[in-house]
Amino acid sequence: MSGEDRFVLCMLAPAVAILGLLVAYPVGLLIFDSFFKVDTITPNIREWVGLQNYVDALTSKRVAESALRTVQYSVFALFFEFTFGFCAALLFSAMAGESRWHRTIFALPLMVPPIVAGLLWRFLLVGNIGILNYGLVRLGLIDDPNEIAWLSSEDIVIYSVSFADIWLTTSFVALVSYAGLTNIPKDLLEAARIDGANALKRFWHVTLPLMRPVIAVVVIVRGVDAAKTFDLIWIQTQGGPRHASEVFSMNIYQRMVRFGDLGEASASGALFLIVMMLLAALAYWKIWRPVHA
Amino acid sequence: MHKARHLNVSGILINGAALVLVLSYALPYMYLLMTSIKPAADVQQIPPSFFPAVLSFENFREVLRSSTLPKAFVNSLTVAVLTTALSLAVAVPAAYVATQYRRRITTLFLLFALVTRMVPSVSLGVPLFQLLKSLGLLDTVPGLVLAHTSAAVPLALLLMSAFFEGMPRELEEAARMDGCTRFQAFRKIVLPVMTGGIAVTALFTFITSWNEFLYALLLTSEATKTAPIVIAEYNSVYGLAWGAMTAAAVLYSLPVIVVTLALQKQIVGGLTFGAVKG
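Residues numbered from 1 in each chain as written. Chains lettered and ligands numbered in written order. Predicted model: local features only at pLDDT ≥ 70, side-chain atom pairs only at ≥ 80, totals over all residues.

**Student:** I'd like a description of the overall build of chain A, backed by residues and values.
**Tutor:** Each helix and strand in chain A was counted, giving 13 helices and two strands. The principal-axis extents of the C-alpha atoms in chain A amount to approximately 75 × 75 × 30 Å. Across the 293 residues in chain A, those meeting the buried criterion constitute 44%. In chain A, the share of contacts with a sequence separation of at least 24, taken over all contacts with a separation of at least 6, comes to 70%. (Helix = DSSP H or I, 4+ residues; strand = E, 2+ residues; numbered from the N terminus. Buried ≥ 20, exposed ≤ 12 C-beta atoms within 10 Å, placed from the backbone. Contact = placed C-beta atoms within 7 Å.)

Pasting the structure below:
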């Protein structure tokens, strides 16, 4: 082994050890436990059950519903985050040098802890004193401040809890998109303008294709984050009313903590991990590789 | 003439739209600040008002006098500082060789770090609970630091890699030419040049730990409860103590906001860099 190789290994080793102990080993433990019936409430029960935990998880109605809700939540949040964030980035780049203060203020939610964002939105939406509905009455959009029960109606709660997510992360989308937009060569847009392309055509045929990699990063990073969400929803509803806002991560937590069913929680955790890995693989093929190729 | 006026109109439209957008995103947090300085009784008045009728620091006095919140802040700060130190100590050298001495193993390692970022914390939280339990580290500061480090190291690796990619290779070569060993070149030449990037990475790892909720919920009980856990408990323990809750939320979030705004230029650079390249 050359001196250079030794140096590389020495520098790499502590990080490898930490990630091995705190990520790789726990993941192994997770998969190991998923084949056992383990009960944390009455200890010392540890019984090999093979794939039973997986069968239970995949056939449970409550698990399936929470998985569907995770998709609903993620798609809804991502759609609005992306739309608002991308529009904000376009506005800021159209303002050129004048947008500095706008961007500074717009970045504010980015620094707000998720738990505070969740509490704040709960406070804005909560029945009787939630100021949002009073604002909607003032704007003439609804007649009575109790008309929309954002957090207590089972039909809409999974979308209501995503408002906090949208508020919290639009600025991330905006800042990343803005950085992407400022990297587009001005002469390309200018050339298109001279060729007679109007603003809409320039956007569609020049800006959007060049922004594709940035858009892909934002969608995957934010999509994965939204699918993993726990704290933001937990603090607003704890999954209620009647599980109507229970997403997948919360379902796993509930089975682990409330029911003490470590085996089944592990099986669901492993399934969740596999789905996220597939998304990560997608990210790798679509984004990481082209950059380094 | 016609063109100038056209530009002007669209300029006003763009500025107006941007202003509306920015204000609507700033309003919710403003409302939190306004609510925290209302008298506790006014917080739940119907209909609610945006601005306080009377200024009062009653809510702040209440949460600071309580025994739980100040202690939770000390816990949060301790855990965040230790997590930052540990994460940087392992991630900075690794990111350096992963970008400057690129070979198969380092590429695989960075890929592993990227993949780790996709692991849902709840999937890791379940086995981490057992791991810490078997080590006797449940509800201790070192235990929570380890859990937070599992999330902070991948982030620090990806951020630092992005910063090291921008560093000229000649820097180390020149130091080697002057007779430094590889370690000396790293310690005496590379690290001082990278302080900006390291500071941004430190801030991000600090915030990761400071904001973390799920591990703290799973892995702590009485002794090492962090601030977000205590704030969340205002939900149930104190019923609907919205006044105290808003004051605690302001105390918890405002320092981070002020620091980040002060360093905004570097941070936005680091963030978008990390996201686009990571």
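**Student:** Please set out the overall build of chain B residue by residue, giving values where relevant.
**Tutor:** The number of helices and strands found in chain B is 14 helices and zero strands. Secondary structure elements of chain B occur, N-terminal to C-terminal, as α-α-α-α-α-α-α-α-α-α-α-α-α-α. Expected size for 278 residues packed as a compact globule is a radius of gyration near 19 Å; at 24 Å, chain B overshoots this value by more than 25%. Considered along the principal axes of its C-alpha atoms, chain B spans approximately 75 × 70 × 30 Å. Looking at chain B as a whole, 47% of its 278 residues qualify as buried. (Rg over C-alpha atoms; globule rule 2.2 N^0.38 Å.)

**Student:** Hey, could you go over the packing of helix α1 (residues 3–33) of chain A against helix α7 (residues 141–165) of chain B for me, with residue numbers and the actual values?
**Tutor:** The N-to-C vectors of α1(A) and α7(B) enclose an angle of 130 degrees; their axes lie 9 Å apart at closest approach. One way to sum up the angle between α1(A) and α7(B) is to call them oblique. Handedness of the α1(A)/α7(B) crossing: left-handed. On α7(B), the residues that touch A:Ala15, A:Ile18, A:Leu19, A:Leu22 and A:Val23 of α1(A) are B:Leu146, B:Thr149, B:Ser150, B:Val153 and B:Leu157. Grouping the constituent residues of the contact of α1(A) with α7(B) by class yields eight nonpolar, two polar and no charged. (Axes fitted to C-alpha atoms, helices over the stretch in contact; angles between N-to-C directions. Parallel < 35°, antiparallel > 145°, perpendicular 65-115°, else oblique. Left-handed = near helix turned anticlockwise from the far one by under 90°. Nonpolar A, V, L, I, M, F, W, Y, C, P; charged D, E, K, R; others polar.)

**Student:** How would you sum up the interface of chain A and chain B? Please name residues and give values.
**Tutor:** Taken residue by residue, the interface counts 74 residues in chain A and 72 residues in chain B. With 16 residues, α1(A) is the single largest residue contributor to the side of chain A that touches chain B. Class assignment for the residues of the side of chain A that touches chain B results in 62 nonpolar, eight polar and four charged.

**Student:** Mind laying out the nonpolar core, listing which residues take part and the relevant values?
**Tutor:** For soluble globular proteins, the rule of thumb is that nonpolar side chains tend to be buried together. Residues B:Ala91, B:Ala94, B:Leu157, B:Leu219, B:Ile231, B:Ala248 and B:Ala249 are the most contacted members of the largest nonpolar core, which totals 159 residues. Once residues within four sequence positions are removed from consideration, B:Ala91 is found in contact with A:Ala15, B:Val153, B:Ala156, B:Leu157 and B:Met160. (Core = buried A, V, L, I, M, F, W, Y, C linked by C-beta atoms within 7 Å.)

**Student:** Tell me about unusual backbone geometry, and please be specific about residues and values.
**Tutor:** With an omega dihedral of -10 degrees, the bond running from A:Gly240 to A:Pro241 counts as a cis peptide bond. Cis rather than trans, the peptide bond between B:Ile46 and B:Pro47 has omega equal to -5 degrees. The topology assignment puts B:Pro47 in the loop between α2 (40–43) and α3 (58–65). Look at A:Arg242: it is not a glycine, yet its phi comes out positive at around 45 degrees. Relative to the elements of secondary structure, A:Arg242 occurs in the loop between α11 (231–237) and α12 (248–257). Unusually for a residue other than glycine, B:Asp139 sits at a positive phi of about 60 degrees.

**Student:** With reference to specific residues and values, describe helix α9 (residues 182–193) of chain B.
**Tutor:** Taking 1.5 Å per residue as the helical rise, α9(B) with its twelve residues ought to reach 16 Å, and the 16 Å between its terminal C-alpha atoms agrees with that figure. Along its buried surface, α9(B) packs onto α1 of chain A together with α4 (68–100) and α8 (170–177) of chain B. (Expected span 1.5 Å × (residues − 1).)

These figures come from the coordinates and say nothing about function on their own.
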